[in-house]
Amino acid sequence: MHRPPMAPALVLLLAALTPAAIAQSDPPETEQSDTERPQAESAEQTPEEQSPDSLSLSVYLEGVYNAHTDFDDDIGELKLTEYHAGINAIVRTENAGVFNIGFDAGLLDYDITPSATSVAGDAADIGQGFEDIHTLSLIAIYTDAINESTNWFAGAGVISAGEKDADFDETIDWLGTAGFSHKFSDKLQIGIGVLVKTRLDDDLLIVPIPQIRYDIDERWSISSERAGLKINYKASDALSYGVTGEYDTISFRLDDSHALAPEAMATHRRIPIAAYAVYTPSPAIEIRGRIGTALGGELEILDDDGDEIASQDIDAAIFGSLTVSFRF
């Protein structure tokens with residue numbers, strides 16, 4: 001039986017696994033980011049590389065640094081450092097189906113400094129009290145073939161994002177996803193999926209997620225990635241690079257220490273555009289780096305009824321990331 005390509009399910013899986021991506025975001029309103037969690041690469045193995053009932057594992061470590069940037073209206077500045085670690089398991093069954101199960105744990109360190117023009121209750125004033133944000137996600141997706149050219153997928157997951165002292169049961173969101181992908185030729189594959197996700201105190205998110213992959217030639221390809229697009233050049237078996245852009249969001253629960261926003265919900269949105277490179281010195285190791293600019297930033301804070309407390313645009317910011325993954 002034809003083994004289904006992993007790309008359609010992985011687009012949604014990775015979006016959900018990336019707390020700063022579809023899992024925690026609003027696509028335009030769709031979402032997520034090119035944090036490019038290495039699960040994508042570890043799962044993109046050909047059928048010949050995996051036997052039925054086989055199990056493959058990958059683990060990764062990632063650091064992301066977002067440089068200081070200013071809030072509009074000069075009310076202050078924001079800097080963000082992120083750390084992520086995770087494990088991904090891929091299980092191929094006898095009937096050519098594929099289970100992809102991923103776990104991600106993250107730590108977000110916001111450094112927000114109000115200026116002299118900041119006032120009580122604005123985004124910079126509340127944001128200066130942000131403590132470490134902890135994120136957890138567990139996502140499972142199953143992919144199988146309908147026929148030689150069409151595949152379907154379905155999955156579900158649970159996500160937690162909140163300050164360290166927030167009530168854990170108030171940090172949890174749930175998501176479900178399903179869709180299909182059709183291969184029109186050796187070069188073109190198109191599909192559509194839908195993501196349904198709760199968003200803490202915000203409205204339920206229901207969004208279509210188009211999926212496309214076009215292999216221009218043996219080296220160049222264009223593909224959708226979460227709520228964005230990636231152009232990739234394969235320089236060699238060990239090195240590829242390109243550019244990527246997408247919509248990225250993270251929402252998280254605040255604890256009750258914020259006098260003007262107790263147990264509120266904060267959402268940080270931006271559009272990261274970056275150049276990236278992926279180096280694979282051996283089948284067991286992958287190193288991925290990015291550098292770029294985050295555009296269209298916004299920090300929004302809603303109370304526990306979903307009403308806006310504060311919202312402020314953020315100037316463009318330089319960012320960079322480094323991810324190292326290991327496959328077993």
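J.: Please clarify how a nonpolar patch on the surface should be interpreted in this entry.
T.: Nonpolar side chains collect at one region of the surface, where Leu55, Leu57, Ile87, Phe99, Ile101, Phe103, Leu136, Leu138, Phe168, Phe326 and Phe328 lie side by side and expose about 1,000 Å² of accessible area between them. Counting only elements with at least two residues in the nonpolar patch, the list comes to strand 1 (55–70), strand 3 (98–114) and strand 4 (133–145). Here the nonpolar patch takes three residues from strand 3, the largest share from any one element. Checked against the element boundaries, Ile87 lands in strand 2 (residues 76–92).

J.: When you look at the pattern of salt bridges in this model, what are you seeing that I'm missing?
T.: Where side chains of opposite charge bring their charged atoms close, a pairing between them can arise. Tallied over the full model, the rule gives 13 salt bridges. Asp215 is the salt-bridge partner of Arg213, the closest N and O atoms lying 3.1 Å from each other. The partly exposed category is assigned to Arg213, whose relative accessible area is 36%. Looking at Asp215, the relative accessible area reads 21%, which means it is partly exposed. A salt bridge links Lys230 to Glu225; the nearest nitrogen and oxygen atoms lie 3.7 Å apart. Relative accessible area serves as the criterion here: at 11%, Lys230 is assigned to the buried category. A relative accessible area of 9% means that Glu225 is categorised as buried. In this structure, a network of salt bridges that share partners links the residues Glu82, Asp248 and Arg270.

J.: Help me out: how do you make sense of the packing of aromatic side chains in this one?
T.: Think of a pair of aromatic rings as described by two things: how far the centres are apart, and how the planes are tilted against each other in angle. Taken as a whole, this structure holds seven aromatic pairs when the rule is applied. When the centroid spacing of 4.6 Å and the interplanar angle of 50° are considered together, the rings of Phe99 and Tyr142 count as tilted. Residue Phe99 is located in strand 3, and its partner Tyr142 is located in strand 4; the two are separated by 43 residues in the primary sequence. With a relative accessible area of 16%, Tyr142 lands in the buried category. Centroid distance Tyr110 to Phe252: 5.6 Å. Interplanar angle 35°. Geometry classified as tilted. Here Tyr110 is found in strand 3, whereas its partner Phe252 is found in strand 12 (residues 248–253), with 142 residues between them in sequence. Each member of the pair, Tyr110 as well as Phe252, is classed as buried. Site record: aromatic cluster; members linked through ring pairs are Phe99, Tyr142 and Trp152.

Criteria and cut-off values
Residues numbered from 1 in each chain as written. Predicted model: local features only at pLDDT ≥ 70, side-chain atom pairs only at ≥ 80, totals over all residues. Heavy atoms only, no water. Patch = residues over 30% accessible without salt bridge, like charges linked within 9 Å, V, L, I, M, F, W, Y side chains within 5 Å. Areas by Shrake-Rupley, 256 points an atom, 1.4 Å probe, with all protein chains shown as cover. Salt bridge = Lys/Arg side-chain N within 4 Å of Asp/Glu carboxyl O. Helix = DSSP H or I, 4+ residues; strand = E, 2+ residues; numbered from the N terminus. Buried < 20%, exposed > 50% of the residue type's maximum accessible area, 1.4 Å probe, protein only. Phe/Tyr/Trp six-rings, centres within 6.5 Å; stacked < 30°, edge-to-face > 60°.

None of the figures reported here should be taken as evidence of function without further support.
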